[in-house]
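# Observations on the three-dimensional arrangement
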Amino acid sequence: MKKLYVDEDRYGATPANLLVETVRNAVTELARRRFDASAVDWPQFVFGVSDQLITSQDFADIERRILDTGYRFGWSAVISQRERPDIYGGADELSADPAGFSFEHPEAATGEPDSNGRAQCGFGENVVRRPANAVGVARYVRSSDRVIEYMKSGVPAGTIAIIDDSGGTLTAPILEHFAGIVCAGGTVRSHLGILAREYGIPCLMNARIRGIRDGDRVEIETSAAAMAAEAYFGGEAKLARVWKVVR
Amino acid sequence: MGSTGNNAMSHSGISYPQLLETNNLMQNCGDETFWLCLTRTVQGSKLFPVSPYILLSYLNAFYRYPSLLRKIEARLPAEQIADRARNMGMKIQNSALGWALPNFYLLGRELLLSLGMLRPQDALEDVIFVMDFWKRYMLSWHRNDGHITNREFGHRAQILPDRRLEVFHRDLYECVPGDSLHTAAHAFLAMASQYGFLTSCESRISLTNSGPYRLDDHHELIVRDFMDLAECSLPWLDGIAADVPYNYLTVPMSVRDCHFTIVDDWGSFESKPDFTAEHLAGVGLYTSDALTEGYMPVGMASRDQLIATLHSLHGVLKEATNKLWLRIAGWTRDQMVDAGALVYYNIIKDLAHVAGVFEVDDWLTIDRRAARFRPLLNDEFAGQMLGSLVAGLDLPNHQQSPYVMMQHSDRPARTYTPLPYSVLSGEEYVPSCGPIQPGSSHLDPKVDRYRTSAGTLTLDEYNRRARDFTPALCTDKYRFLCETWVKYNHHTALANELYELEQRESRTLRGRGTGNRPR
């Protein structure tokens, strides 16, 4: 069988991710087979016959072979899981009852109520240092359905939005009405962090929290030092606390 | 140039200096891409399948940029388009030209290399051409600061000439937190930024910042551009953005007691302390496009008019945001992936608008060679593969001799595979991936309506007018009257004429010419 040019690689390594390795191996094997069967040399193959010989159906077959092992892909966009629940795992999280749902991060620092009646439920990275902490009512905003609900009814005053999407689009129509944001992902330079800074909304990113339910009264330590960008490249991370106000 | 087969070429048309320079440009792009992706962003979206659309856009860029850039250059050379870019705020700045053009293309190449579907010497003349086009563009666009990228300048962008900075500076309206202008400007800036992330399908490519420029010991000027706001070459804005009166808006901002330490090739910034609204001390508002004589003031006749304009634009953008969000929320995954892939891939489309050669099939479809990869682009694979391409550098093609210590990480890896010099000693190569092939899209077809400074035009009319138009400052008479020439010839009638041209729409400097003494 003919070889691919990249088959002889003095320094090549195995990709760190198993799915990437699996797909890469499958595609290179496909390219090798089609090149071998093509009866042309590589210059005629690469931008000539390969365009017809390596097809969308071939790639669909690779996906099917992976799924046939029982593997299910992780999803990042809700639409992906909703349209093809057969190929994506983790559907349970989408259908969880919002009233009973809470983020449960294993690294969340928690504590007993202090003298002010605040029990720590975790911490996050402060986008901008403000004169005072933000206090409000926690409301999870994790789906388009919730956004549409608030577009119709209005965002309740004093809402501290609890979000797991560090992007700036899911909450676009309602973002400016939040009294605060706790995002369980991203960094202070993620789009949500950038927009919170633009709007002047108190915001903690990359929050590791647990035990906060919809409707809980919470306080976020936006008076803490802001997370410096260089902290993401080996510097010291400064963290801001998140409390549930229990009395 | 000799041929060793139907598609293979021997080396005779390629020179050693060409390869050396191309590889240097690629290495610089790779080093910066690694740094940007590691330190400047972590993105996720539950609304958009971001990683799948990014990979699709890279593939489309690889297969199409060489042909489309040649088509553009046949009408207007890269360096002349950059001359125009230096005098307006279209989407041919950062991150479009400073980063995306070479890196989208090269990341597509690297993706195909990683899958065994390409050799380092395949599409070799395409790679040389794309990088050369980029280099010439960037040198021209950055000619006032003398660098090729913000990275090379220590992450700073001083694009504008003295005459334009003088107008931006003198025409600013001062503001302080709590006053009407500050409140209106703050609200507009946040809303326009928010709208931009949405129109660009969860990417930051429709806004950019350049500068900083020193105003005095306590103030720096930062220039922010908002792009693709109205009905334009993003089909999902058809109808939605019909009431948005400008497709491009430029906001010069005076910022008090805040030093910008990084303005990167993505058009993002860092400052000490953080630039929050409390530091905003002055603001202006302008529009421009391929048909304007540079920057045209918007609502700048009076302070009250500017406040009213900013309020009005805020309302219009808020309305458009809500409508667009609802449209997007009803999309299928294929539509979301296509919109994201297209807005990413066509990030450089304004090159075609300036040259007057924009065509819908070129910029608003996915080439069938790229489209065939769709079944592989599930969320997980795309996310992991994207991570490997830009930051992980753990694919076989990334690995180098164990003695190598790459910039920023000391690992034996590199982001981009260099072109092999062995082609100069006879190893065959394939020059090009060939012309663009038919494409497709799951989105509604583009309505033939484009908001310009000359009103809403059909594409044919927009292209025709763009081809027929050269801004006065970019004509042969003025084009090479550079900052060095002005330094020593400011007393001449020609210098005065040059400054008066820039000042035609200025509320404070009109007709002053070079008579305004430097600060």
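Quick look at the domain arrangement of chain B now. Residue and element names in this part refer to chain B. Domain assignment breaks chain B into domain 1 (11-154 + 333-440), domain 2 (162-331 + 447-469) and domain 3 (480-519). The straight-line distance from the C-alpha centre of domain 1 to that of domain 2 is 27 Å. Contact residues are listed per partner, giving 38 residues for domain 1 and 34 residues for domain 2. Residue assignment for the side of domain 1 that touches domain 2 shows that the elements contributing at least two residues are α1 (16-39), α2 (50-75), α4 (96-114), α9 (333-345) and α10 (350-355). Top element by residues in the side of domain 1 that touches domain 2 is α9. It accounts for 6 residues. Of the residues belonging to the side of domain 1 that touches domain 2, the class tally is 19 nonpolar, 14 polar and 5 charged.

With that out of the way, let us pick up the domain arrangement of chain A. What the domain assignment lists for chain A is domain 1 (5-71) and domain 2 (102-245). Relative to domain 2 of chain A, the C-alpha centre of domain 1 of chain A lies at a distance of 43 Å.

Moving on to the packing of α2 of chain B against helix α13 (residues 379-392) of chain B. What describes two packed helices is the angle between their axes and the distance between those same axes. Residue and element names in this part refer to chain B. The N-to-C vectors of α2 and α13 enclose an angle of 60 degrees; their axes lie 7 Å apart at closest approach. Every pair of crossing elements has a handedness; the one defined by α2 and α13 is left-handed. Contacts between α2 and α13 involve S51, P52, I54 and L55 from the former and D379, A382, G383, M385 and L386 from the latter. The residue inventory of the contact of α2 with α13, partitioned by class, reads 6 nonpolar, 2 polar and 1 charged.

Below, the discussion takes up the interface of chain A and chain B. On the side of chain B, 70 residues touch chain A, which itself brings 68 residues to the contact. If you list the elements that add at least two residues to the side of chain A that touches chain B, you get α1 (18-38), α2 (42-53), α3 (56-68), α4 (78-83), α6 (144-153) and α7 (191-199) of chain A. For the side of chain A that touches chain B, the residue count by class is 36 nonpolar, 21 polar and 11 charged.

Residue and element names in this part refer to chain B. Within the secondary structure layout, L107 lies in helix α4. Remark: the alpha-carbon pair of L107 and L459, spanning 352 residues in sequence, is separated by 31 Å. In this view, L107 contacts Y58 and L389; residues no more than four positions away in its chain are not counted.

This brings us to the pairing of strand β3 (residues 219-227) of chain B. Residue and element names in this part refer to chain B. β3 sits mainly inside the fold: 9 of its 9 residues count as buried. Of the two faces of β3, the one carrying H219, L221, V223, D225 and M227 and the one carrying E220, I222, R224 and F226 are both buried. Hairpin connection, strand β2 (residues 207-216) to β3: the antiparallel pair is bridged by 2 residues. Bridge analysis of β3 against strand β4 (residues 248-256) gives 9 bridges, and the strand direction is antiparallel. Bridge pairing links E220 to V255 in β4.

Strand-to-strand pairing in sheets goes through backbone hydrogen bonds, with the strands running parallel or antiparallel. Residues and elements named next belong to chain A. Strand order in this closed barrel of 7 strands is β1-β5-β4-β3-β2-β6-β7, and the pairing throughout is mixed. Within this sheet the neighbouring strands show an average axis-to-axis angle of 40 degrees, counted without direction. Of the strand pairs in this sheet, strand β6 (residues 217-220) and strand β7 (residues 240-245) are connected by 3 bridges, and their pairing is antiparallel. Paired with V218 across the two strands is K244, which belongs to β7.

Quick notes on the rules
Residues numbered from 1 in each chain as written. Chains lettered and ligands numbered in written order. Predicted model: local features only at pLDDT ≥ 70, side-chain atom pairs only at ≥ 80, totals over all residues. Domains from an automatic or database assignment. Contact = placed C-beta atoms within 7 Å. Helix = DSSP H or I, 4+ residues; strand = E, 2+ residues; numbered from the N terminus. Nonpolar A, V, L, I, M, F, W, Y, C, P; charged D, E, K, R; others polar. Axes fitted to C-alpha atoms, helices over the stretch in contact; angles between N-to-C directions. Left-handed = near helix turned anticlockwise from the far one by under 90°. Buried ≥ 20, exposed ≤ 12 C-beta atoms within 10 Å, placed from the backbone. Pairing = 2+ DSSP bridges.

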